[in-house]
Amino acid sequence: MTLKIPPHQHLKNHPEELPSAVETCLQAIEQAKPLNAFVHLLADRARHKAVEVAQATGQGEELPLRGMILAVKDNIAIEGTSLSCASRILKDFKSLFTATAVARLEKAGAIIIGKTNLDEFAMGSSCENTIFGPTHHPLDWERVPGGSSGGSAVAVAAGLVHAALGSDTGGSVRQPAAFCGVVGLKPTYGRVSRYGLVAFGSSLDQIAPFATNCQDAFAVLCIMGGKDEHDSTSAAYPMSYPTEGLKPLGEKLRIGLPKEYLEEGLQAEIAEVVLQVARGLEKAGHDLVEISLPYSKLAVGVYYILATAEASSNLARYDGARYGFREHSAESLQDIYTHSRAGGFGREVRRRIMLGTYVLSAGYYDAYYKKAQRVRRLVLGDFLDAFGKVDVILAPTTPTTAFKIGEKIDDPLAMYLSDVYTTPANLAGIPAVSVPAGKDTKRLPIGVQIMGPHFSDELILQVGCDIERLHGRI
Ligand code: GLN
């Protein structure tokens, strides 16, 4: 791949070059088509926006995100355009409104170039469960980019856009970010409005940015975050984007290393990189503290009970009558529901609906759903205790580097275990970021994860910036 779009900072200083940068971007996406990162381009919309931003800037308007070209996962709404969720059931559906996060980014001068591939309804860890066919890892086309926001991760990693939006319910931004060697931030729950994000597990979902560095992720977060009257779970927490961007860490931190996250099941090279980063941060003046998060080992199990329970309820709205695909051979109302859902949803989504319905059913509610809610509280309790002793936590993002396409698709349990280190932060609602920090012997990227207390998004990104600096030296 030869074509690269001009850097965001360059376009920020030369907004008059934006219309030609959009053309370059579209050509680069065309060249990179075999990666299958994009499922829908918004070429005319982007061209129009580029002219608008260039003109507004020429007239002295201050647009903080001018010069930034973004991709958006195809489960986030943009009025009048595709919102397929990579599902047959929504294949031809067009969104009726724009997500608050997207509207705020566009208002600040960002240009949205297209919609990206994902696992159907954001369920998966590999970007293979999709009606559009798998997205490929940009460094090794036989491998997965991670999921479910694989298309957005690849768009950033392949240099096709400056940043991208995904959604993170159990790791769908951090895991592909780690696999592809880019930054992926899951904000504190409530920090970014979910209005316009197709619901999967509503108590876990967050719209989340990918970028090539922590500074850009911070800019996107600040602009799209904050209270939104369309989402009652959005937090009334002041969000503003300081013109100087993310400031360097001014203080010495206590950095927790959770022993349970470095035990068996973790690829040795990843453990080595986490320890290397820890030593680097210690040399830079921070204190390392060993901590224990014993309930995190139950997080995947709890996540797959709660996320499927919420999904089974959220996905009840796709009934063949109101949205998208309808099976026309159906002869009764009941048949419309069952045939449309059976034909419209893919295998993994059907599996989750069945699992979720089961754990919510009268006979099993106490044994599974209610118990999982209790354990969720214990997972959170571990973090609250830990944050009494440390400022942030350093951990691996994923147990392995990118795996082969097809390797786990028929083994859902193996696939679910890709989320062991990412689901705890979603259950606890805390912010977490994956930052590239090394490579394995196959030259595949390795990410490390920094987690912090609720609303410490800025702090974990500051630590991320330090790791970026260290990584240059490691
Ligand atoms: N891989 C996880 C799942 O399949 C996480 C998904 C997500 O974060 N959207 O549920």
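Structure shown above.
Scoring rules and cut-offs
- Residues numbered from 1 in each chain as written.
- Predicted model: local features only at pLDDT ≥ 70, side-chain atom pairs only at ≥ 80, totals over all residues.
- Heavy atoms only, no water.
- Helix = DSSP H or I, 4+ residues; strand = E, 2+ residues; numbered from the N terminus.
- Rg over C-alpha atoms; globule rule 2.2 N^0.38 Å.
- Buried < 20%, exposed > 50% of the residue type's maximum accessible area, 1.4 Å probe, protein only.
- Contact = heavy atoms within 4.5 Å.
- Lys, Arg positive; Asp, Glu negative; His and termini not counted.
- Charge placed at Lys NZ, Arg CZ, Asp CG, Glu CD.
- Near = heavy atom within 4 Å.
- Polar contact = N/O pair within 3.5 Å; in protein donor to acceptor, adjacent residues only side chain to side chain.
- Nonpolar A, V, L, I, M, F, W, Y, C, P; charged D, E, K, R; others polar.
- Salt bridge = Lys/Arg side-chain N within 4 Å of Asp/Glu carboxyl O.
- Pairing = 2+ DSSP bridges.
- Axes fitted to C-alpha atoms, helices over the stretch in contact; angles between N-to-C directions.
- Core = buried A, V, L, I, M, F, W, Y, C linked by side-chain atoms within 4.5 Å.
- Parallel < 35°, antiparallel > 145°, perpendicular 65-115°, else oblique.
- Disulfide = S-S within 2.5 Å.

Notes on the overall build of the chain
Alright, step 1. A tally of helices and strands in the chain yields 15 helices and eleven strands.
Alright, step 2. A compact globule built from 474 residues would reach a C-alpha radius of gyration of about 23 Å, and the chain, at 21 Å, matches this within 12%.
Alright, step 3. Projecting the C-alpha coordinates of the chain onto the three principal axes gives extents of approximately 70 × 55 × 45 Å.
Alright, step 4. For the chain, buried positions account for 61% of its 474 residues.
Alright, step 5. Long-range pairs, those at least 24 residues apart, make up 75% of the contacts in the chain with a sequence separation of at least 6.
Alright, step 6. In the chain, which carries 48 positive and 52 negative side-chain charges, the distance between the mean positions of the two groups comes to 2 Å.

Considering the site of the ligand
Alright, step 1. The immediate surroundings of the ligand are formed by 15 residues, with T169, G170, S172, Y303 and R352 found nearest.
Alright, step 2. In this structure, an oxygen atom belonging to the ligand sits 2.6 Å away from a main-chain N or O atom of G170.
Alright, step 3. In this structure, an oxygen atom belonging to the ligand sits 2.8 Å away from a side-chain N or O atom of R352.
Alright, step 4. Looking at the shell around the ligand, its residues break down into five nonpolar, seven polar and three charged.

Looking at the pattern of salt bridges
Alright, step 1. Under the counting rule described, the total for this entry stands at 21 salt bridges.
Alright, step 2. Note that R174 and D168 form a salt bridge whose closest N and O atoms lie 2.9 Å from each other. Taken individually, R174 and D168 each receive the classification buried, so the pair is uniform in this respect.
Alright, step 3. It is possible to trace a salt-bridge network through shared partners that takes in E23, D44 and R47.

So, the sheet that holds strand 2 (residues 69-73)
Alright, step 1. Taken together, the eleven strands give an open sheet; going across it, the order is 1-3-2-4-6-5-10-11-9-7-8, and neighbouring strands pair in mixed fashion. At either margin of the open sheet sits one strand with a lone partner, and together these are strand 1 (38-41) and strand 8 (287-291). Taken pair by pair, the neighbouring strands of this sheet meet at an average axis angle of 30°, ignoring direction.
Alright, step 2. Taken strand by strand, helix 7 (residues 214-224) contacts strand 4 (163-167), strand 5 (183-186), strand 6 (207-211) and strand 10 (432-439), and its axis lies near 150° from that of strand 6.
Alright, step 3. Contacts between helix 8 (residues 268-283) and the sheet are confined to strand 7 (254-258), strand 8, strand 9 (392-396), strand 10 and strand 11 (445-451), with strand 9 contributing the most and set at about 150° to the helix.

What to know about the nonpolar core
Alright, step 1. One finds F121, F383, L394 and I467 to be the most contacted residues of the largest nonpolar core, which totals 116 residues.
Alright, step 2. Sort the elements by how many residues they give to this core and helix 9 (residues 299-314) lands first, with ten residues.
Alright, step 3. Each residue touching F383, except ones within four places of it in the same chain, is listed here: Y261, L293, S296, I393, P424, A428, I430 and M451.
Alright, step 4. Core analysis: the next-biggest nonpolar cluster, separate from the first, contains 37 residues, L18, A28, A46 and I69 among them.

Some remarks on the packing of helix 4 (residues 100-107) against helix 7
Alright, step 1. Running from N to C, helix 4 and helix 7 point in directions that differ by 110°, and their axes come no closer than 8 Å. One element, helix 4, and the other, helix 7, form an angle in the roughly perpendicular class. Side by side, helix 4 and helix 7 meet where A101, R104 and L105 of the first sit next to V220, I223 and M224 of the second.
Alright, step 2. The residue inventory of the contact of helix 4 with helix 7, partitioned by class, reads five nonpolar, no polar and one charged.

Digging into the pairing of strand 6
Alright, step 1. The element strand 6 is largely enclosed, with a buried count of five among its five residues.
Alright, step 2. Here strand 6 shows no split at all, with I207, P209 and A211 on one side and A208 and F210 on the other all buried.
Alright, step 3. Bridge analysis of strand 4 against strand 6 gives five bridges, and the strand direction is antiparallel. From the neighbouring strand, S167 faces strand 6, where its bridge partner is I207.

As for the state of the cysteines
Alright, step 1. Summed over all chains, the structure comprises zero disulfides.
Alright, step 2. Its sulfur unpaired, C25 is 17 Å from the next cysteine sulfur, which belongs to C180.
Alright, step 3. Here C465 is not cross-linked by a disulfide; its sulfur's nearest cysteine counterpart is in C214, at 4.9 Å.
Alright, step 4. Residue classification places C465 among the buried positions, given a relative accessible area of 10%.

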